[in-house]
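# Architecture and fold: a report
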Amino acid sequence: MTNVTLILTDLAGSAPLVLVLLGAAVFASSRMSRDPRRMVMVLIAIGTLLFVRLVFPLVMPVLLNDVIGVREVQVRILLKALMYSVPHSIAFALLFWTIFDVRRARPPEQMPQA
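Before going into details, it helps to say that this report is about the structure given with it. (Residues numbered from 1 in each chain as written. Predicted model: local features only at pLDDT ≥ 70, side-chain atom pairs only at ≥ 80, totals over all residues. Heavy atoms only, no water.)

### Quick word on the pattern of salt bridges
This is how the line gets drawn: Any carboxyl oxygen of Asp or Glu within 4 Å of a side-chain nitrogen of Lys or Arg constitutes a salt bridge here. Note on conventions: DSSP H or I runs of at least 4 residues are helices, E runs of at least 2 residues are strands, and numbering of each starts at the N terminus.
Counted under the stated rule, the structure contains two salt bridges. Here Asp-101 and Arg-37 are joined by a salt bridge, their closest N and O atoms 2.4 Å apart. With Asp-101 in the segment after helix H4 (73–100) and Arg-37 in helix H3 (residues 36–67), the pair connects residues that are 64 residues apart, well separated along the chain.

### Examining the side chain of Arg-38
We count it as follows: What qualifies as a polar contact is a pair of N or O atoms within 3.5 Å, subject to a donor-acceptor requirement within protein and to the restriction that residues adjacent in sequence count only when both atoms come from side chains. By the convention used here, residues are in contact when the closest approach between their heavy atoms is within 4.5 Å.
Relative to the assigned elements, Arg-38 resides in helix H3. There is a polar contact of 3.2 Å between the side chain of Arg-38 and the backbone oxygen of Thr-98. If sequence neighbours within four positions are ignored, Arg-38 has contacts with Thr-98, Ile-99, Asp-101 and Arg-103.

### Observations concerning the nonpolar core
Short version of the rule: We define the nonpolar core as a collection of buried residues of types Ala, Val, Leu, Ile, Met, Phe, Trp, Tyr and Cys that are connected through side-chain atoms lying within 4.5 Å of one another. The rule is simple: take the accessible area with a 1.4 Å probe, protein chains only, and divide by the maximum for that residue type; under 20% is buried, over 50% is exposed, in between is partly exposed.
In terms of nonpolar packing, the biggest core is built from 13 residues, with Leu-21, Ile-46 and Leu-50 touching the most fellow members. Where this core is concerned, the elements lending two or more residues are helix H2 (15–30), H3 and H4. If we skip the residues at most four places from it in the chain, Leu-21 touches Ile-46, Leu-49 and Leu-50. Core analysis: the next-biggest nonpolar cluster, separate from the first, contains six residues, Val-52, Met-60, Leu-64 and Met-83 among them.

### So, H4
Keep this limit in mind: A helix is expected to span 1.5 Å for every residue after the first.
The first and last C-alpha atoms of H4 sit 39 Å apart over 28 residues, in line with the 40 Å expected at 1.5 Å per residue. For H4, the elements touching its buried residues are H3.

### As for a nonpolar patch on the surface
Put simply, the rule reads: For patch detection, residues must exceed 30% relative accessible area and be free of salt bridges, and they are connected within 9 Å for like charges or within 5 Å for nonpolar side chains (Val, Leu, Ile, Met, Phe, Trp, Tyr). Values of accessible area rely on a 1.4 Å probe in the Shrake-Rupley scheme; residue burial ignores everything except the protein chains shown.
Residues Phe-92, Phe-96, Ile-99 and Phe-100 make up a contiguous nonpolar surface patch of about 470 Å² in total accessible area. Here Phe-92 is to be found in helix H4. Under the relative-accessibility criterion, Phe-92 is labelled partly exposed at 40%.

### Some remarks on H2
For the record, the criterion: This arc is built from the directions going out from the helix axis to the C-beta atoms.
For H2, with 16 residues, the first-to-last C-alpha span of 23 Å sits near the 22 Å given by 1.5 Å per residue. Along H2, the residues that are buried comprise Val-18, Leu-21, Ala-25 and Ala-28. Buried residues along H2 cover an arc of 90° about the axis, so they all sit on one side. Seen from the buried face of H2, the exposed residues on the opposite side, beyond 90 degrees, are Pro-16, Leu-19, Val-20, Val-26, Phe-27 and Ser-30. Where H2 is buried, its residues meet H3.

### Quick notes on the packing of aromatic side chains
Applied cut-off: Note on ring pairs: Phe, Tyr and Trp rings are taken, using the six-membered ring of Trp, and paired if centres are within 6.5 Å. Classes follow the plane angle, with under 30 degrees stacked, over 60 edge-to-face and the rest tilted.
Evaluation of the coordinates by the stated rule reveals three aromatic pairs. Judged by centre distance (5.4 Å) and plane angle (70°), the rings of Phe-56 and Tyr-84 are edge-to-face. Residue Phe-56 is found in helix H3, and its partner Tyr-84 is found in helix H4; the two are separated by 28 residues along the sequence. Classification of Tyr-84 by relative accessible area gives buried; the value is 15%. A centroid spacing of 6.3 Å and a plane angle of 20° characterise the contact between Phe-96 and Phe-100, whose relative ring orientation is stacked.

Structure, rendered in structure tokens:
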């Protein structure tokens, strides 16, 4: 198999995750008027996860082979794991911060009308 075939196979295998993230982005966008600050944080996290899932498989071989030029297998595995782990950690931290963020009580005149 060529590198292009491996990359396309990786992207095709992530289709369910991409569809779930796109659905979550549409859902968050539809609820933007209720709580814009939280929805923006959710959309940033979803965008980060989508970026990592769609762009990293294309960029990772170029980074590891040409830019960094790592030849040892152990170092390549470690670098690839770190390059995926850091953006995922940031996205999940944003999501957890949004989930567990304590809302301040709003005066009745600022409450949204149902």
